[in-house]
Amino acid sequence: MIGYFEVYNKRKHQLICKKLNNTGCQTHFHGEMEMSYILNGAHEITINNQTKTLTKGDIYFCNPYELHQCHSPNEGEHILFTIRPFEYEAFSNLINAPLPNFLVDKKFNLEILDLLNEIIKTLNTINGLERRGYIGLVLGKILNRYGYRKDENKGSNQRFEEILLYIDNNYKKTITRDSIAQKFGYSPAYFSRIFKEHFHCSFLEYINNLRYER
């Protein structure tokens, strides 16, 4: 599964919290945390090559830079909630490992639904401090009930964002694995290994796919 990087300030829809029909999306990843509460219909979600079909009351959760793809044959409704990079950084010292991707305790998830509905109701009047408080409540409840995911990725998201932004700004030029590795202070072999571990594809596959998408 090869995806493309969505640069935050270039995204067409910088959603905060909104009810939507799941019209599907191709494989991609971005710096925001993304969470979706399923309201109705069947939603086929793939995150980091693991696919599950979620139904009413289930939640999927994407940590920053995780590859994901969504599809719902009947465009089932869901609530999409995104947490922007500068917002979740406030909690980075409290969340030191990835959260689970598939949250399927439907009874417990009703508590998350209540918070999301509160955010939707106050979206036009909420201030930054209140929003950050809601984010803390949502993340805190998820962490308290589901804990951390076992397969912790120890890579630096900030470092990889620098690399991805550089690629995004220079993909039309001649750039190679070796030139990227040298620019960011890695050996070519080590850069190849950590890039594939982090993004589940080789550097060449990624940049060729990016050029094709653009």
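The notes below deal with the structure included here. Computed from a predicted structure; not experimentally measured.

Examining the overall build of the chain
Scanning the chain from N- to C-terminus turns up seven helices and ten strands. Of all 214 residues assigned to the chain, the portion counted as buried reaches 47%. Sequence-distant contacts in the chain: of pairs separated by 6 or more residues, those separated by 24 or more amount to 78%.

Quick look at the sheet that holds strand β10 (residues 102-103)
Adjacent strands of a sheet pair through backbone hydrogen bonds, lying either parallel or antiparallel. Pairing in this open sheet of five strands is antiparallel, and the strands run β2-β9-β4-β7-β10 from one edge to the other. Whereas interior strands pair on both sides, the edge strands pair on one side only; in this sheet they are β2 (17-21) and β10. Judged from the six bridges that link them, strand β4 (residues 33-38) and strand β9 (residues 77-83) form a sheet pairing that is antiparallel. Considered in β9, the bridge of Met-35 is made with Phe-81. Most of the contacts of helix α3 (residues 128-146) go to β9, to which it runs at about 110 degrees, and overall it touches β4, β7 (59-62), β9 and β10.

Here we look at the environment of Ile-95
Relative to the assigned elements, Ile-95 resides in the loop between α1 (85-88) and β10. For Ile-95, a relative accessible area of 17% corresponds to the buried category.

Section: the packing of aromatic side chains
Per the counting criterion, the structure on display carries nine aromatic pairs. Arranged with centres 6.1 Å apart and planes meeting at 35 degrees, the rings of Tyr-186 and Phe-191 form a pair that is tilted. For Phe-191, a relative accessible area of 0% puts it in the buried group. Consider the rings of Phe-195 and Tyr-206, whose centres lie 5.7 Å apart with planes at 65 degrees: the pair is edge-to-face. Of the two residues, Phe-195 sits in helix α6 (residues 188-199) while Tyr-206 sits in helix α7 (residues 203-213), which places them eleven residues apart along the sequence. Summarising the burial analysis for this pair, Phe-195 and Tyr-206 share the class buried. Three or more aromatic residues joined by ring pairs make a cluster, and in this case those are Phe-29, Tyr-186, Tyr-190, Phe-191, Phe-195, Phe-203 and Tyr-206. Stacked on the ring of Phe-102, the Lys or Arg Lys-52 has its end atom at 5.8 Å from the ring centre. Positioned above the aromatic ring of Tyr-146, the side-chain terminus of Arg-145 is 4.7 Å from the ring centre.

Observations concerning helix α2 (residues 106-122)
The end-to-end C-alpha separation of α2 is 24 Å, in line with the 24 Å expected for 17 residues at 1.5 Å each. All buried positions along α2 are accounted for by Phe-108, Asn-109, Ile-112, Leu-113, Leu-115, Leu-116 and Ile-119. Residues of α2 that are buried make contact with β2, β4, β7, β9, β10 and α3.

Concerning the pattern of salt bridges
Summed over the entire model, instances satisfying the criterion amount to seven salt bridges. Arg-84 serves as the salt-bridge partner of Glu-87, at 2.7 Å between the closest nitrogen and oxygen. You'll find Glu-87 and Arg-84 in the same group, each marked buried. Put simply, Arg-177 and Asp-178 hold a salt bridge, and the shortest N to O gap is 2.8 Å. A single salt-bridge network, built from bridges that share partners, covers Arg-84, Glu-87 and Arg-131.

Rules and cut-offs
- Within each chain, residue numbers correspond to sequence positions counted from 1 in written order.
- Reporting in this predicted model follows two pLDDT cut-offs: at least 70 for local features of residues, and 80 or more for side-chain atom pairs to be given and counted; totals over whole chains, interfaces and linings ignore these cut-offs and use all residues.
- Side-chain descriptors were evaluated using all non-hydrogen atoms of the structure, hydrogens and water having been removed beforehand.
- Note on conventions: DSSP H or I runs of at least 4 residues are helices, E runs of at least 2 residues are strands, and numbering of each starts at the N terminus.
- Residue burial is assigned from relative accessible area. The probe radius is 1.4 Å, only protein chains are included, and a residue is buried under 20% of its type maximum, exposed over 50%, and partly exposed in between.
- Residue contacts follow a heavy-atom distance rule, with two residues in contact if any of their heavy atoms lie within 4.5 Å.
- Paired strands, as defined in this entry, are two strands with at least two bridges between them according to DSSP.
- Angles run from 0 to 180 degrees between N-to-C directions of axes, and those axes are lines fitted to C-alpha atoms, restricted for helices to the stretch in contact.
- Stacked, tilted and edge-to-face are the three classes applied to pairs of Phe, Tyr and Trp rings, where Trp contributes its six-membered ring and a pair requires centres within 6.5 Å; stacked means planes under 30 degrees apart, edge-to-face means over 60, and tilted covers the rest.
- Definition used: whenever NZ (Lys) or CZ (Arg) falls within 6 Å of the ring centre and also within 35 degrees of the ring normal, the charge is taken to sit over that ring.
- Take the number of residues in a helix, subtract one, and multiply by 1.5 Å to get its expected span.
- Put simply, a salt bridge is a Lys or Arg side-chain nitrogen that is within 4 Å of an Asp or Glu carboxyl oxygen.

Function cannot be inferred from these measures alone, as they are strictly geometric.
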